[in-house]
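A look at the structure
Residues per chain are reported as follows:
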Amino acid sequence: MRPAISALIGRDHPQWSEGSWICPEDLETYRRRSLRELLSDANGDLGPLEQEVLDSLRTGDIVTAAPDITFDEKATFGDRMADRVAAFGGSWTFILSFSLVCGLWMMLNVTGWLFKPFDAYPFILLNLVLSTLAAIQAPIIMMSQRRQEARDRMRAQNDYRVNLKAELEVRQLHEKIDHQLSQQSSRLERLERLQEKLIDRMTS
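All values derive from a computational prediction rather than experimental measurement.

1. As for the overall build of the chain
Within the chain, the secondary structure is distributed over 7 helices and 0 strands. When the helices and strands of the chain are read in sequence order from the N terminus, they spell out α-α-α-α-α-α-α. Taken across its 204 residues, the chain has 21% of its residues classed as buried. For the chain, restricting intrachain contacts to residue pairs at least 6 apart in sequence, the fraction spanning at least 24 positions comes to 62%. As presented, the chain carries roughly 14,800 Å² of accessible surface, and 61% of it is formed by carbon and sulfur atoms.

Here's what the structure looks like:
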């Protein structure tokens, strides 16, 4: 048994010693209490993420999730359209095609080559189209950015859960190995003393 759990049992039951017996259910309860106290000392009050990690350690469940899949499953039609518009609006395809359209618009309205100019210089209609496009595109891009922030926050929470669980499990392993090494060294010391006694008896 790890020293931290043994110390916790000794606080509740002063008669407890290393050689005493404890049932598996109570031992599991003290293990959970030990981890809870460890997290409380490090982080203060336990939040839902810490509680989820403790529950996963108790049940053996995996805390790793796929944030992108979970997030995209909850996306509405408007959310998906905002992502597509933002992705297209921030690409070179949009910049080049929009520059080409504006250039053709101005050239055709100045030269009157294919039709009678409908938006002569200073291109008031073109300015209105550009202003309307900017006014519509800006909030759509902001919606997509908010969704990206929410996705990043979900990824960060998932990474935190995984790292916290790994840290707790590694810490438990370290305590267990240190405890076994200390017990092994005490056994070796006892064996050395017995060996010395046997040698003294054989030589005497």
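That was the structure; now back to the text.
2. A closer look at a negative patch on the surface
A contiguous patch of negative charge, built from Glu 189, Glu 192, Glu 196 and Asp 200, is present on the exposed surface. Position of Glu 192 among the secondary structure elements: in helix H7 (residues 124-203). Judged by its relative accessible area of 47%, Glu 192 is partly exposed.

3. Let's talk about a positive patch on the surface
Together, Arg 187, Arg 190, Arg 193, Lys 197 and Arg 201 line one region of the surface with positive charge. Within the secondary structure, Arg 187 is located in helix H7. Looking at Arg 187, the relative accessible area reads 40%, which means it is partly exposed.

4. With respect to the pattern of salt bridges
Going through the model one piece at a time under the given rule, you end up with 3 salt bridges. Its salt-bridge partner being Arg 147, residue Asp 83 comes within 2.8 Å of it at the nearest N-O pair. Here the residue Asp 83 occupies a position in helix H5 (residues 77-89), and Arg 147 occupies one in helix H7, the gap between them amounting to 64 residues. Look at Asp 83 and you get partly exposed, because its relative accessible area is 23%. Assessed through its relative accessible area of 9%, Arg 147 is described here as buried. It is possible to trace a salt-bridge network through shared partners that takes in Asp 79, Asp 83 and Arg 147.

5. Section: H5
The end-to-end C-alpha distance of H5, which contains 13 residues, comes to 18 Å, matching closely the 18 Å that a straight helix rising 1.5 Å per residue would cover. Along H5, the residues classified as buried are Ala 82, Ala 86 and Gly 89. Seen along its axis, H5 keeps its buried residues to an arc of 70°; they face one direction. Counted as exposed and oriented over 90 degrees from the buried face of H5: Phe 77, Arg 84 and Ala 87.

6. A closer look at a nonpolar patch on the surface
On the surface, Leu 100, Leu 104, Met 107, Trp 113, Leu 114, Phe 115, Phe 118, Leu 125, Leu 128 and Val 129 cluster together to form a nonpolar patch covering roughly 1,000 Å² of accessible area. Secondary-structure elements contributing two or more residues to the nonpolar patch are helix H6 (92-111) and H7. With respect to the helices, strands and loops of the structure, Leu 128 is situated in helix H7. Exposure remark for Leu 128: the relative accessible area of 52% places this residue in the exposed category.

7. Describing the side chain of Ser 144
Within the secondary structure, Ser 144 is located in helix H7. A residue is classified by how much of its surface remains accessible, and Ser 144, at 12% relative accessible area, is buried. Within polar-contact distance, the side chain of Ser 144 engages the side chain of Asp 83 at 3.1 Å. Those residues in contact with Ser 144 that sit more than four places away from it in its chain are Ala 82, Asp 83 and Ala 86.

8. Focus on unusual backbone geometry
Between Tyr 121 and Pro 122 the backbone carries a cis peptide bond, its omega angle lying at 15°. Looking at the element boundaries, Pro 122 is found in the loop between H6 and H7. In this structure, Phe 123 takes a positive phi of about 55° despite not being glycine.

Criteria and cut-off values
Note that residues are indexed from 1 along each chain, following the sequence as it is written. In keeping with the model being predicted, local features are shown solely for residues with a pLDDT of at least 70 and side-chain atom pairs are shown and tallied solely at 80 or more, while totals for entire chains, interfaces and linings include all residues. Excluding hydrogens and water, the side-chain figures rest on all heavy atoms present in the structure. Numbering goes from the N terminus for both helices and strands, where a helix is a DSSP run of H or I of at least four residues and a strand is a run of E of at least two. Partly exposed describes any residue whose relative accessible area lies between the buried limit of under 20% and the exposed limit of over 50%, with all areas from a 1.4 Å probe on protein chains only and scaled to the type maximum. Here, residues are in contact when the closest pair of their heavy atoms is within 4.5 Å. A 1.4 Å probe and the Shrake-Rupley method give the accessible areas. Residues count as covered only by the protein chains that appear here. For patch building, the residue pool is restricted to those with more than 30% relative accessible area and no salt bridge; the joining distance is 9 Å between like charges and 5 Å between nonpolar side chains (Val, Leu, Ile, Met, Phe, Trp, Tyr). We define a salt bridge as a side-chain nitrogen of Lys or Arg found within 4 Å of a carboxyl oxygen belonging to Asp or Glu. Positive: Lys, Arg. Negative: Asp, Glu. His and the chain ends are not part of the count. Where a charge sits is defined by one atom per residue type, namely NZ (Lys), CZ (Arg), CG (Asp) or CD (Glu). Every helix has an expected span of 1.5 Å times one less than the residues it contains. An arc is given here, and it is the one of the directions from the helix axis to the C-beta atoms. Polar contact is defined as a pair of N or O atoms within 3.5 Å, subject to the rule that within protein one atom must be able to donate a hydrogen and the other to accept it, and that residues adjacent in sequence are counted only when both atoms are side-chain atoms.

Any functional reading would require information that these geometric values do not contain.
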